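Given next are the chains, with one letter for each unit.
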Amino acid sequence: MHDNADKKRLDNKKLNEYKKLIRKIITPENIIKIASVIVQALLFVGLALVFIFVIIQAIQSIPQGLLEEATIILENSLLIIIFFEIYLSVVDFFRGKGRSVIYVMDATISFLLREIIIGVFTETITLTYLIGIGIVIGIISLGRYALSRTEKVISKKKNK
């Protein structure tokens, strides 16, 4: 009977040790690191797939002529830039640097410029649409400029 009580104490002691170990392993920081790795891996796979897509489309468009080839490569190159900006935003976000908003703004500007270029090449863009996108790009650019100026002022204050 005495042996069972000792065995229960040992089991409880081991259980408590396991609980402590799990608390050390499963921390908010580790969960964020795991989420960061998963999201970065997914974005990297997406970026790789876009590269493959660009190559396949470029090869398929060779018979359609040089202008079509250039259009496809330009459109998809801009898509790669957008993916890359989003990737940088996610990396920066998980590192806690605070510049992720700027990367998202850059990606948005790149996307809108891509839409303008596609519209010009396909001749589907209207003046109203162009003015609207231009205004949005202007607003985002001003916001980005204000953020980068604020960031410089804050970094100067920290260095003093």
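Residues numbered from 1 in each chain as written. Predicted model: local features only at pLDDT ≥ 70, side-chain atom pairs only at ≥ 80, totals over all residues. Heavy atoms only, no water.

Attention shifts here to helix 3 (residues 66-95). Compared with the 44 Å implied by 1.5 Å per residue over 30 residues, the 43 Å span of helix 3 between its first and last C-alpha is a close match. Phi turns positive, to about 75 degrees, at Gly-96, one or two residues after helix 3. (Helix = DSSP H or I, 4+ residues; strand = E, 2+ residues; numbered from the N terminus. Expected span 1.5 Å × (residues − 1).)

Next up on the list: the pattern of salt bridges. Going through the model one piece at a time under the given rule, you end up with 2 salt bridges. Asp-106 serves as the salt-bridge partner of Arg-144, at 2.4 Å between the closest nitrogen and oxygen. Here the residue Arg-144 occupies a position in helix 5 (residues 127-159), and Asp-106 occupies one in helix 4 (residues 100-122), the gap between them amounting to 38 residues. Using a relative accessible area of 24% as the deciding quantity, one classes Arg-144 as partly exposed. The salt bridge partner of Arg-114 is Glu-115, with a shortest N-O separation of 3.6 Å. Exposure remark for Arg-114: the relative accessible area of 11% places this residue in the buried category. (Salt bridge = Lys/Arg side-chain N within 4 Å of Asp/Glu carboxyl O. Buried < 20%, exposed > 50% of the residue type's maximum accessible area, 1.4 Å probe, protein only.)

This part is about the nonpolar core. In this structure, Met-105, Ile-109, Leu-112, Ile-116, Ile-133, Ile-137 and Ile-140 together form the largest nonpolar core, which totals 7 residues. Breaking this core down by element, the ones donating at least two residues are helix 4 and helix 5. A per-element tally of this core places helix 4 first, with 4 residues. Excluding residues that lie within four positions of it along the chain, Leu-112 makes contacts with Ile-133, Val-136, Ile-137 and Ile-140. (Core = buried A, V, L, I, M, F, W, Y, C linked by side-chain atoms within 4.5 Å. Contact = heavy atoms within 4.5 Å.)

That is the geometry; function is a separate question.
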